[in-house]
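The lines below spell out each chain.
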Amino acid sequence: INKKYPNIRVVDVQYGDGDEYKSINVAKSLVQAHPNIKGIFGCSNACAVGIGTAIREMNKVGKIVGIGYDSGKLQKDFVRNGVLAGSISQDPIGIGYKVVEAAIKVSNGEDVESFIDTGFKWYDKSNMDDEDIAPLLYE
């Protein structure tokens, strides 16, 4: 997939359609089709919960690295219990700040960038209760 990590490749892209149960089946199918798979990324809370459930039900905790996006009670539980290695969270505080900042600039007749990075945070069981991470994670 890239020159820095030549032994890492994407084996498949599947969609859970924002549905936890579909995501469980997609993750299980990926593991069955690729028994040596090392990791799975879920791009939403529902996908991450589906991946965590599949990893747990297939007894693959510690054998497959699951990474999620966003948060939610079940996803946070999977991270806290080591079923998922961690997740990436949006930064709603940063989003709010950047929106107000851009609105003020526009109201003053200033130009704003067409793309504004509002930030994100990586969290895992070692930092998810930290004061700069915990407020970003919803139940």
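These notes cover the structure that comes with them. Each chain has its residues counted from 1, following the order in which its sequence is written. Only residues with pLDDT of at least 70 are given local features in this predicted model, and only at 80 or more are side-chain atom pairs given and counted; all residues enter the totals for whole chains, interfaces and linings. The side-chain quantities take in all heavy atoms of the structure and omit both hydrogens and water.

## A few points about the nonpolar core
What counts is decided by this rule: Throughout this description, the term nonpolar core refers to a set of buried Ala, Val, Leu, Ile, Met, Phe, Trp, Tyr and Cys residues connected via side-chain atoms within 4.5 Å. Using a 1.4 Å probe on the protein chains alone, a residue whose accessible area is under 20% of its type maximum counts as buried, one over 50% counts as exposed, and one in between counts as partly exposed. Comment: elements are numbered from the N terminus, with helices defined as DSSP H or I runs of at least four residues and strands as E runs of at least two. Contact definition: two residues touch when any of their heavy atoms are within 4.5 Å.
With 20 residues, the main nonpolar core has I40, I51, I64, L84 and Y123 as its most contacted residues. Of all the secondary structure elements, the ones that give two or more residues to this core are α1 (20-33), α2 (45-57) and α3 (73-80). Setting aside residues no more than four positions away along its own chain, I64 makes contact with V31, I37, K38, G39, I40 and I55.

## Things to note about the pairing of strand β3 (residues 86-90)
For clarity, the threshold we go by: Two strands form a pair only when DSSP identifies at least two bridges running between them. Orient the strands so they point away from the viewer; a crossover is then right-handed if the path from the first strand over the helix to the second runs clockwise.
Sheet topology places strand β2 (residues 65-69) next to β3; three bridges connect them, and they run parallel. Within β3, the residue paired with G68 across the bridge is S87. In this fold, β2 hands off to α3, which returns the chain to β3; that crossover is right-handed. Where β3 and strand β4 (residues 120-123) come together, four bridges link them in antiparallel fashion. Paired with S89 across the strands is K121, a residue of β4.

## A closer look at the sheet that holds strand β1 (residues 39-41)
Our working rule: Lines fitted to C-alpha atoms define the axes, with helix axes restricted to the stretch in contact, and inter-axis angles between N-to-C directions lie between 0 and 180 degrees.
Read from one edge of the open sheet, four strands run β1-β2-β3-β4, paired in mixed fashion. Because the sheet does not close on itself, it has two edges, and the strands there are β1 and β4. On average, each strand axis in the sheet is inclined to that of its neighbour by 15°, with strand direction left out of account. Pairing analysis gives three bridges linking β1 to β2, with the strands arranged parallel. Residue pairing in the sheet places G39 in a bridge with V65 of β2.

## Topic: the layout of surface pockets
Applied cut-off: The pocket and cavity definitions rest on a 1 Å grid over protein atoms only: a 1.4 Å probe that fits but cannot leave marks a cavity, an open set with protein on both sides within 12 Å along at least five of seven lines marks a pocket, and residues lining either have an atom within 4 Å of a point. Grid points are joined across faces, edges and corners, and a volume is the space filled by probe spheres set on the points. Put simply, Ala, Val, Leu, Ile, Met, Phe, Trp, Tyr, Cys and Pro go in the nonpolar bin, Asp, Glu, Lys and Arg in the charged bin, and everything else, Gly too, in the polar bin.
As a volume, the largest pocket reaches approximately 750 Å³. Lining the largest pocket are 28 residues, and of these D12, I37, G39, I40 and F41 lie nearest its centre. Secondary-structure elements contributing two or more residues to the lining of the largest pocket are α1, β1 and α2. Per-element accounting of the lining of the largest pocket gives the leading share, four residues, to α1. Residue classes in the lining of the largest pocket are distributed as 15 nonpolar, nine polar and four charged.

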